[in-house]
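Chain by chain, the residues run as shown.
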Amino acid sequence: MRILRGIFLALAWTAGGLIALTLIGFGVAAWIWRDIPAETLEARYGTPSSQFAEIDGARIHYRDEGQGPAVVLIHANFASLIGWDPWVDALKDRYRVVRFDMTSHGLSGADATGDYSLPRTVDLMERLLDRLGVERCAIVGTSLGGTVAIHYTVRNPHKVAGLGLISPGSLEPGVRGREAPPSISPVAALVRWITPRALPEFMLKGGFSDPERVSPELVDRWHDLWRLEGQRPAHLERLRQYISGNIEELIGQVSAPVLIQWGEDNPQVRVELAAELARLLTSAPSVETIIYPGVGHMAIQEAPRETAVDARAWLDRVPFARGADSLREQRES
């Protein structure tokens, strides 16, 4: 009995030691990858063009640059408006370029309402553009931003002169037709506290056709902005609340000219879906599709110059001055 008691005590001490080491390790990791204050990140990634709008409990970071017809750019999931820098440089001499960080992204951070659904995201976008006096614009969205752009366009057809879609993810089999948000595993939820730099690096390299094009600066920026105070739990909530809606029906209601841009080597949203997207755009007066060889899912990061040049050429043909009725007449004639 004395021997058995000794064995049990040894096992208990061992188990207790392992638990203690685990908790210590967790605490150290959480401290290493702790939140970064908003002031620190605003000083690091803000520019003289950075502005903030307080809208119904959300603080939206946006930039409004250039003169001319308005073009609104919407970033991808996990990204920020900074990724559009090369596009802004290519457009702002002729266009007014407005871009913003969705809540739970970039320098916008958490939404006090806790609502990160697509309807809420589109509502905040509508209010921001109304506040900025954008009455008519072209919209370009990439990945999740493309899905947001589709929803906005269908809700505001009279305001959208043209719609650019860069591999929107809403047609993916795992998302398409879903009527309930996906479940987030407890292990995945650990990123609330433990977010090593290797995680955004892994995601970025997985989205590029050539992982060698992922720069350390890009990884650092993603990693930093993910750790904006309150950002990680906010983004987990966005993932928990995501439903793309009846996306096929919505795509069929788009009544603006459309440009589709897609990386041929897209590992997340395969290139075959570009043709399906074009077929679903039955109400659009025109649809142009450009496929980029050697480019993956994150086309605006991997091929910024090529995608911007093509978008500029398309925007130069967009009838900004015409209303939705004129476009409908053009399609029917």
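Residues numbered from 1 in each chain as written. Predicted model: local features only at pLDDT ≥ 70, side-chain atom pairs only at ≥ 80, totals over all residues. Heavy atoms only, no water.

The next subject is the pairing of strand 1 (residues 50-55). In terms of strand pairing, strand 1 meets strand 2 (residues 58-65) through six bridges, oriented antiparallel. Counted as the bridge partner of Phe52 is His61 from strand 2. (Pairing = 2+ DSSP bridges. Helix = DSSP H or I, 4+ residues; strand = E, 2+ residues; numbered from the N terminus.)

Most of strand 7 (residues 258-263) sits out of view: six of its six residues are buried. Neither face of strand 7 is exposed, since Val258, Ile260 and Trp262 on one face and Leu259, Gln261 and Gly263 on the opposite face are all buried. Looking at chain direction, strand 6 (residues 160-166) and strand 7 are connected through four bridges and run parallel. Bridge pairing links Gly164 to Leu259 in strand 7. Pairing between strand 7 and strand 8 (residues 287-292): six bridges, direction parallel. Pairing of Leu259 across the sheet is with Glu288, part of strand 8. Each parallel crossover has a hand, and for strand 7 linked through helix 10 (residues 272-280) to strand 8 it is right-handed. (Buried < 20%, exposed > 50% of the residue type's maximum accessible area, 1.4 Å probe, protein only. Right-handed = clockwise from strand over helix to strand, strands pointing away.)

Evaluated as defined, the whole model comprises four aromatic pairs. Taking the centre distance of 5.0 Å and the plane angle of 75° together, the rings of Trp84 and Trp87 count as edge-to-face. You'll find Trp84 and Trp87 in the same group, each marked buried. The interplanar angle of 40° and the centroid separation of 5.9 Å between the aromatic rings of Tyr95 and Phe320 together place this pair among those described as tilted. In this pair, Tyr95 sits in the loop between helix 3 (85-91) and strand 4 (96-100) while Phe320 sits in the loop between helix 12 (304-315) and helix 13 (324-332), placing the two residues 225 residues apart along the sequence. Side by side, Tyr95 and Phe320 carry an identical accessibility label, which is buried. Through a chain of ring-to-ring contacts, the aromatic side chains of Phe78, Trp222 and Trp226 assemble into a single cluster. (Phe/Tyr/Trp six-rings, centres within 6.5 Å; stacked < 30°, edge-to-face > 60°.)

Glancing now at the nonpolar core. With 48 residues, the main nonpolar core has Val72, Ile74, Phe100, Met125 and Ile139 as its most contacted residues. Once residues lying within four places of it in the same chain are set aside, the contact partners of Ile139 are Val72, Ile74, Met125, Ala149, Tyr152, Thr153, Val160, Gly162, Leu163 and Gly164. In terms of nonpolar packing, the next biggest core, distinct from the first, is built from 24 residues, Ala303, Ala311, Trp314 and Phe320 among them. (Core = buried A, V, L, I, M, F, W, Y, C linked by side-chain atoms within 4.5 Å. Contact = heavy atoms within 4.5 Å.)

Bringing the pattern of salt bridges into the picture now. In this structure the tally under the stated criterion is 27 salt bridges. Across the pair Glu302 and Arg213 runs a salt bridge, and its minimum N-O distance is 3.4 Å. With Glu302 in helix 11 (residues 299-302) and Arg213 in the loop between helix 6 (198-207) and helix 7 (216-226), the pair connects residues that are 89 residues apart, well separated along the chain. Arg317 is the salt-bridge partner of Glu288, the closest N and O atoms lying 2.5 Å from each other. Placement of Glu288 in strand 8 and of Arg317 in the loop between helix 12 and helix 13 is noted, with a sequence separation of 29 residues between them. Judged by relative accessible area, Glu288 falls into the partly exposed class, the value being 27%. Connected via shared salt-bridge partners are Asp56, Asp111, Arg120, Asp123 and Arg127. (Salt bridge = Lys/Arg side-chain N within 4 Å of Asp/Glu carboxyl O.)

The subject of this paragraph is the packing of helix 2 (residues 38-45) against helix 7. At a minimum axis distance of 10 Å, the contact between helix 2 and helix 7 shows a crossing angle of 155°. Classified by the angle between their axes, helix 2 and helix 7 sit roughly antiparallel to one another. Helix 2 and helix 7 meet at a crossing whose hand is left-handed. Touching Leu41, Arg44 and Tyr45 of helix 2 are Asp220, Arg221, Asp224 and Leu225, all from helix 7. Grouping the constituent residues of the contact of helix 2 with helix 7 by class yields three nonpolar, no polar and four charged. (Axes fitted to C-alpha atoms, helices over the stretch in contact; angles between N-to-C directions. Parallel < 35°, antiparallel > 145°, perpendicular 65-115°, else oblique. Left-handed = near helix turned anticlockwise from the far one by under 90°. Nonpolar A, V, L, I, M, F, W, Y, C, P; charged D, E, K, R; others polar.)

For the rest of this paragraph, the subject is the confidence of the model for the chain. Overall, the prediction assigns the chain a mean pLDDT of 88, with 86% of residues at 70 or greater. Low pLDDT, under 50, characterises residues 15-29; the predicted model gives this stretch five contacts beyond four residues in sequence or across chains. Within the model, pLDDT remains below 50 along residues 323-333, and this stretch shows 15 contacts once partners closer than five positions in the same chain are excluded. (pLDDT = per-residue confidence, 0-100.)

Residues separated by three or four positions in an α-helix point in the same direction, a consequence of the helix having 3.6 residues per turn. All of the buried residues in helix 6 are Pro200, Leu204 and Gly207. For helix 6, the arc enclosing every buried residue in end-on projection is 65°, short of the 170-degree limit, so these residues lie on one face. Buried positions along helix 6 lie against helix 7 and helix 11. (Arc of directions from axis to C-beta.)

Summarising the element assignment, Leu118 is placed in helix 4 (residues 118-131). When the C-alpha atoms of Leu118 and Leu144 are compared, they prove to be 9.7 Å apart, with 26 residues separating the residues in sequence. Each residue touching Leu118, except ones within four places of it in the same chain, is listed here: Thr147, Val148, His151, Tyr242, Ile243 and Ser244.

What follows deals with the environment of Gly162. Summarising the element assignment, Gly162 is placed in strand 6. For Gly162, a relative accessible area of 0% gives the class buried. Once the C-alpha coordinates of Gly162 and Ser286 are considered, the two residues, 124 residues apart in sequence, prove to be 9.7 Å apart. Those residues in contact with Gly162 that lie beyond four places of it in its chain are Cys137, Ala138, Ile139, Ala256, Pro257, Trp314 and Val318.

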